[in-house]
Amino acid sequence: MIQSVQQQIGNIALVVESYDDAIEFYTQKLQFELVEDTDLGDGKRWVQVSPPNSNGTNLLLAKASNDEQRQAIGNQSGGRVFLFLQTNDFWRDYNLMKDNGVVFHEEPRVEQYATVVVFEDLYGNKWDLLELKK
């Protein structure tokens with residue numbers, strides 16, 4: 001019997017300037033959960049954060065360790081929206097993020113597929129906050 005293929009993305013690496021600043025942003029401003037923060041020695045840490053009740057895909061906060069990585073901070077996708085944060089209550093999360101000082105690039109808009117708005121993380125990476133239409 002051939003076993004079916006089962007895969008999932010476990011982590012998405014996000015290059016950051018500071019572990020602690022990134023943890024603070026994601027846990028305080030976006031209400032993410034700190035999944036793991038393990039010291040690996042020599043100033044390196046294994047830091048994972050995730051939205052509440054997520055499906056298991058985490059952001060791996062990876063501190064830049066050379067000039068090439070430092071240049072990618074805040075521009076990991078060449079200026080395009082990099083990550084998409086899906087929610088079951090757009091206005092709840094939008095208002096909470098706005099109250100927490102998150103920077104938005106536009107006013108929320110209703111599209112055929114979702115209610116959506118572009119925001120940025122602490123380094124300027126663009127994200128979409130969206131509630132998909134049912």
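The preceding data block contains the structure.
Definitions and cut-offs
- Residues numbered from 1 in each chain as written.
- Predicted model: local features only at pLDDT ≥ 70, side-chain atom pairs only at ≥ 80, totals over all residues.
- Heavy atoms only, no water.
- Helix = DSSP H or I, 4+ residues; strand = E, 2+ residues; numbered from the N terminus.
- Buried < 20%, exposed > 50% of the residue type's maximum accessible area, 1.4 Å probe, protein only.
- Contact = heavy atoms within 4.5 Å.
- Salt bridge = Lys/Arg side-chain N within 4 Å of Asp/Glu carboxyl O.
- Pairing = 2+ DSSP bridges.
- Axes fitted to C-alpha atoms, helices over the stretch in contact; angles between N-to-C directions.
- Arc of directions from axis to C-beta.
- Phe/Tyr/Trp six-rings, centres within 6.5 Å; stacked < 30°, edge-to-face > 60°.

**Description of the overall build of the protein**
Then step 1. Helix and strand content of the protein: three helices and nine strands.
Then step 2. Walking the protein from its N terminus toward its C terminus, one meets helices and strands in the order β-α-β-β-β-α-β-α-β-β-β-β.
Then step 3. Each of the three principal axes of the protein carries a C-alpha extent, and together these read 50 × 45 × 25 Å.
Then step 4. For the protein, the proportion of its 134 residues judged to be buried stands at 34%.
Then step 5. Long-range pairs, those at least 24 residues apart, make up 51% of the contacts in the protein with a sequence separation of at least 6.

**Some points on the pattern of salt bridges**
Then step 1. Counting across every chain of the model gives six salt bridges.
Then step 2. Note that R92 is salt-bridged to D93, the shortest N-O span being 2.8 Å.
Then step 3. Owing to a relative accessible area of 42%, R92 belongs among the partly exposed residues under this scheme.
Then step 4. On the accessibility criterion, D93 (18% relative accessible area) is buried.
Then step 5. Here the salt bridges share partners, and the residues they tie into one network are D20, D37 and R45.

**What to know about the sheet that holds strand β1 (residues 11-16)**
Then step 1. With mixed pairing, four strands are arranged side by side in an open sheet as β1-β4-β3-β2. Looking along the sheet, the strands with just one partner apiece sit at the ends: β1 and β2 (33-41). Pairs of neighbouring strands in the sheet enclose a mean axial angle of 25°, with direction left out of account.
Then step 2. Where β1 lies against strand β4 (residues 58-63), six bridges are found, and the strand directions are parallel. Bridge pairing links V15 to A62 in β4.

**Overview of helix α3 (residues 90-99)**
Then step 1. Of the residues making up α3, those classed as buried are F90, D93, Y94 and M97. All buried residues of α3 project into a common sector of 100° when viewed along the axis, lining one side.
Then step 2. In this fold, the buried residues of α3 make contact with α1 (19-29), β6 (103-104), β8 (114-120) and β9 (126-132).

**Comments concerning the pairing of β4**
Then step 1. Judged from the three bridges that link them, strand β3 (residues 44-50) and β4 form a sheet pairing that is antiparallel. Note that in β4 the partner of Q48 across the bridge is L60.

**Focus: the environment of N100**
Then step 1. Summarising the element assignment, N100 is placed in the loop between α3 and β6.
Then step 2. Sequence-wise, N100 and L30 are 70 residues apart; in three dimensions their C-alpha atoms are separated by 8.1 Å.
Then step 3. Every residue in contact with N100, bar those within four places of it in the chain, is listed here: Q28, K29 and Q31.

**A few points about the packing of aromatic side chains**
Then step 1. Within this structure, the stated rule accounts for 10 aromatic pairs.
Then step 2. Ring geometry for F119 versus W127: centroids 5.6 Å apart, planes at 25°, classification stacked. The burial state of F119 is the same as that of W127; both residues are buried.
Then step 3. Aromatic ring contacts, followed pair by pair, group F25, Y26, F32, F90, W91, Y94, F104, F119 and W127 into a single cluster.

None of the figures reported here should be taken as evidence of function without further support.
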